[in-house]
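The lines below spell out each chain.
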Amino acid sequence: MAVLKQRTLKSLTHAVGVGLHSGQRVEITLRPAAPDTGIVFRRIDLPQVVDIPVSAEAVTDTRMASTLSRGSARVLTVEHLMSACSGLGVDNLYVDITAEEIPILDGSAASFVFLLQSAGIEMQNAPRRFIRLTQPVQVSEGEGDNRKWACLAPYHGYKLSFEIDFKHPAVDSTGQHVEFDMGSGSYARDIARARTFGFTKDVEMMRANGLALGGGLDNAIVMDDYKVLNFDGLRYDDEFVKHKILDAMGDLYLVGKPLLASYSAFRSGHALNNKLLRELLAHPDCWDVVTFEDVKRAPAGFAQLAPAW
Ligand SMILES: [Zn+2]
C-alpha cells in the first residue's frame, strides 16, 4: 500500500513584485522544506531573520488582507500564495521575503501556481495529515441585511461553497454563488485565475489608511459606481465570487493542515474566515487528525494530486 505523502518543492523559485497595500518592492523566494515543517514565512530583510510559521493564532490583522505576525515582525497579504499551496497540495515550504508584504503579482493566485509548478512538486517520506471535521462548526456576524456567516461541516474531501451580495450593478450581473470541489474541479483552471477586486469610491479611504498603495488595473478588477474599468473585462463570468473561494482556501490553509470538510459561506471575508478557524480549534471535539495509509482510500482530488510535471 502507498501512503498519501506530504509534498514540497523540487527546487527553489524566485519572483519580484510590489505589495498591494504597502506598494513596496519585494523579492520572494520559495524553497523546499523538510517534512512537518509546514509553511514558514521568513523576513530576511530584518537585522535578524525572523521565521513566521503559519497558524490561525498568528493572524493579527484581517483588514482587506490576512496578516501574520511574530513579535514585531509581520507579513501582509499571505492569502493568495496560501491559496495556491492549498490548491496544489504543498505542505512544506519556506517563503523568504525582503519586505513585509507578499507581492500581489497579477492579483490572483495564477502567478503563484506557475511559480510552484515551475519549481516542480516533490513527494516526501512522511504521511500527509488532515484535519477531518466530525461535527459542524459555524460563526456569524451582524443581523438582518448585514448578516454574514461561515461554516465547516463533515465531508469526505474538500469542497467550498460561497455566496456574495455586494449590491453593485457590475457585481450583481455576474454569478453570485459558486461551489468548487477539489474532487471534481481543477484549482489551477477553475479558481486560481480569479483576481482581487475593488471599488474606486473606496480607494481614497483605503489610501488614507495606508492600504491599496500598490493596487491598480494590472493587479485588480477595479469598478466605479456602475461598471468594470479594466479594458479586458473579466477572466471568468463569475470572477468575483470565485476570488472569494480563492481567498477562503488561502485563509483556511493558515490552520496549518489541509481540511477534510465542506466549507460554506455567505458574505464571509478574511476576518470571519479566521474566526471560523479559531472556533474550530476551540472545539477539538468537532475534528480529529487523520492520515491515509492507503492512498486509494483518500478522497478524490487528494489521491489524484500528481506531481506537477
Ligand atoms: Zn484576495
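Report on the accompanying structure.

Let's talk about the overall build of the protein
A tally of regular secondary structure across the protein gives seven helices and 19 strands. Since a compact globule built from 309 residues should have a radius of gyration of about 19 Å, the 18 Å found for the protein is in line with a globular shape. Taken over the C-alpha atoms alone, the protein extends approximately 55 × 45 × 35 Å along its principal axes. A burial count over the protein gives 53% of its 309 residues as buried. In the protein, 75% of the contacts between residues at least 6 apart in sequence involve partners at least 24 apart. Within the structure as shown, the protein displays about 13300 Å² of accessible surface, and the carbon and sulfur contribution to it stands at 50%. Separation between the mean location of the 32 positive side-chain charges and that of the 38 negative ones in the protein comes to 4 Å.

Examining the sheet that holds strand β4 (residues 39-43)
If you walk across this open sheet you meet the five strands as β2-β3-β9-β4-β5, and the pairing is mixed. Both outer strands of the open sheet, β2 (13-18) and β5 (50-53), are each paired with one neighbouring strand and no more. When strand polarity is set aside, the average angle formed by the axes of neighbouring strands in this sheet is 25°. Here helix α1 (residues 79-88) sits on the sheet in contact with β3 (25-32), β4 and β9 (93-97), set at roughly 150° to β4.

Observations regarding the coordination of the zinc ion
Bound to the zinc ion are the protein donor atoms His 80 (NE2), His 243 (NE2), Asp 247 (OD) and Asp 247 (OD), situated 2.1 to 2.7 Å from the metal. As a motif over one chain, the donors of the zinc ion read H-x162-H-x3-D. With His 243 and Asp 247 both in helix α6 (residues 239-253) and four residues apart, the pair spans about one turn of that helix. No difference in accessibility class separates His 243 from Asp 247, as the two residues are buried.

Re the side chain of Thr 77
Here Thr 77 lies in the loop between β8 (73-75) and α1. Within the structure, the side chain of Thr 77 is placed 2.6 Å from the side chain of Glu 101, a separation counted as a polar contact. Leave out the neighbours within four places in its chain, and Thr 77 touches His 21, Ala 65, Ser 66, Glu 101 and Ile 102.

Some words on empty space enclosed by the protein
On inspection of all chains with the given rule, the structure shows one cavity of 30 Å³ or more. Approximately 70 Å³ is the volume found for the largest cavity. When the residues that make up the lining of the largest cavity are grouped by side-chain class, the tally is eight nonpolar, one polar and two charged.

Examining the layout of surface pockets
Computed from the structure, the largest pocket encloses a volume of approximately 1100 Å³. Lining the largest pocket are 48 residues, with Met 64, Phe 166, Phe 197, Gly 198 and Lys 244 sitting closest to its centre. Listing elements by their share of the lining of the largest pocket, those giving two or more residues are α1, β16 (197-199), α5 (200-208), β17 (221-223), α6 and α7 (270-282). When residues of the lining of the largest pocket are assigned to their parent elements, the largest contribution, seven residues, is made by α5. Residues of the lining of the largest pocket, tallied by class, amount to 21 nonpolar, 15 polar and twelve charged.

Some remarks on the pattern of salt bridges
Enumeration over the complete set of coordinates arrives at 18 salt bridges. Each of Arg 31, Arg 42, Asp 51 and Asp 96 takes part in one network of salt bridges that share partners.

Brief notes about the state of the cysteines
Between two cysteines, a covalent bond joining their sulfur atoms is known as a disulfide. A full pass over the atoms with the stated rule returns zero disulfides. As a non-bridged cysteine, Cys 286 has Cys 151 as the owner of its nearest cysteine sulfur, 10 Å distant. In this structure Cys 286 comes out as buried when scored by relative accessible area, which is 8%.

Observations regarding the nonpolar core
Most often, soluble globular proteins keep nonpolar side chains buried together rather than apart. Judged by nonpolar contacts, the single largest core of 83 residues is most densely connected at Phe 41, Leu 68, Val 95, Ile 102, Tyr 187 and Tyr 263. Among the elements that take part in this core, α6 stands out by supplying eight residues, more than any other. Setting aside its immediate chain neighbours within four residues, Val 95 contacts Ile 28, Thr 29, Leu 30, Ile 39, Val 40, Phe 41, Arg 42, Leu 81 and Ile 102.

Considerations on the packing of α1 against helix α2 (residues 110-119)
At a closest axis distance of 9 Å, the pairing of α1 and α2 adopts a crossing angle of 50°. Put simply, α1 runs oblique to α2. Handedness of the α1/α2 crossing: right-handed. From α1, His 80, Leu 81, Ala 84, Cys 85 and Leu 88 reach across to α2, where they touch Phe 112, Val 113, Leu 116 and Gln 117. Tallied by class, the residues present in the contact of α1 with α2 amount to seven nonpolar, two polar and no charged.

What counts, and at which threshold
- Every residue gets a number counted from 1 within its own chain, in the order that chain's sequence is written.
- The predicted origin of the model limits local features to residues at a pLDDT of at least 70 and limits the giving and counting of side-chain atom pairs to 80 or more, whereas totals for whole chains, interfaces and linings rest on all residues.
- Each side-chain value is derived from all of the structure's non-hydrogen atoms; neither hydrogens nor water enter the calculation.
- To qualify as a helix, a DSSP run of H or I must reach at least 4 residues; to qualify as a strand, a run of E must reach at least 2; elements of each kind are numbered from the N terminus.
- Radius of gyration here uses only the C-alpha atoms, and the compact-globule reference equals 2.2 Å multiplied by the residue count raised to the power 0.38.
- Three labels apply to residues, based on accessible area from a 1.4 Å probe with only protein chains included: buried if under 20% of the type maximum, exposed if over 50%, partly exposed otherwise in between.
- Note on contacts: a residue pair qualifies if any of its non-hydrogen atoms lie within 4.5 Å across the two residues.
- Values of accessible area rely on a 1.4 Å probe in the Shrake-Rupley scheme; residue burial ignores everything except the protein chains shown.
- In this tally, Lys and Arg are treated as positive and Asp and Glu as negative; His is ignored, and so are the chain termini.
- For the purpose of locating charges, the reference atoms are NZ of Lys, CZ of Arg, CG of Asp and CD of Glu.
- A pair of strands is treated as paired once DSSP finds two or more bridges between them.
- Convention adopted: a line fitted to C-alpha atoms gives each axis, helices being fitted over their contacting stretch, and angles between N-to-C directions are expressed from 0 to 180 degrees.
- Any N, O or S atom lying within 2.8 Å of the metal counts as a donor, with the limit raised to 3.2 Å for Na, K and Ca; because water is left out of the atom set, some sites can appear incomplete.
- Any pair of N or O atoms that falls within 3.5 Å is considered a polar contact. Within protein, one atom must be able to donate a hydrogen and the other to accept it, and sequence-neighbouring residues count only if both atoms are side-chain atoms.
- Here a cavity is any set of points on a 1 Å grid over the protein atoms alone where a 1.4 Å probe fits but cannot get out, and a pocket is any open set with protein on both sides within 12 Å along at least 5 of 7 lines; a residue lines the site when it has an atom within 4 Å of a point.
- Grid points are joined across faces, edges and corners, and a volume is the space filled by probe spheres set on the points.
- Note that Gly is not counted as nonpolar here; it falls among the polar residues with everything else outside the nonpolar set of Ala, Val, Leu, Ile, Met, Phe, Trp, Tyr, Cys and Pro and the charged set of Asp, Glu, Lys and Arg.
- A pair is scored as a salt bridge if a Lys or Arg side-chain nitrogen falls within 4 Å of a carboxyl oxygen belonging to Asp or Glu.
- In this description, a disulfide is simply a cysteine sulfur pair whose atoms lie within 2.5 Å.
- What we call a nonpolar core is a set of buried Ala, Val, Leu, Ile, Met, Phe, Trp, Tyr and Cys residues that are connected through their side-chain atoms within 4.5 Å.
- Put simply, angles under 35 degrees are roughly parallel, angles over 145 are roughly antiparallel, angles from 65 to 115 are roughly perpendicular, and the rest are oblique.
- Left-handed is the label given to a crossing in which the near helix is rotated counterclockwise from the far helix by less than a right angle, and right-handed is the label when the rotation is clockwise.

These figures come from the coordinates and say nothing about function on their own.
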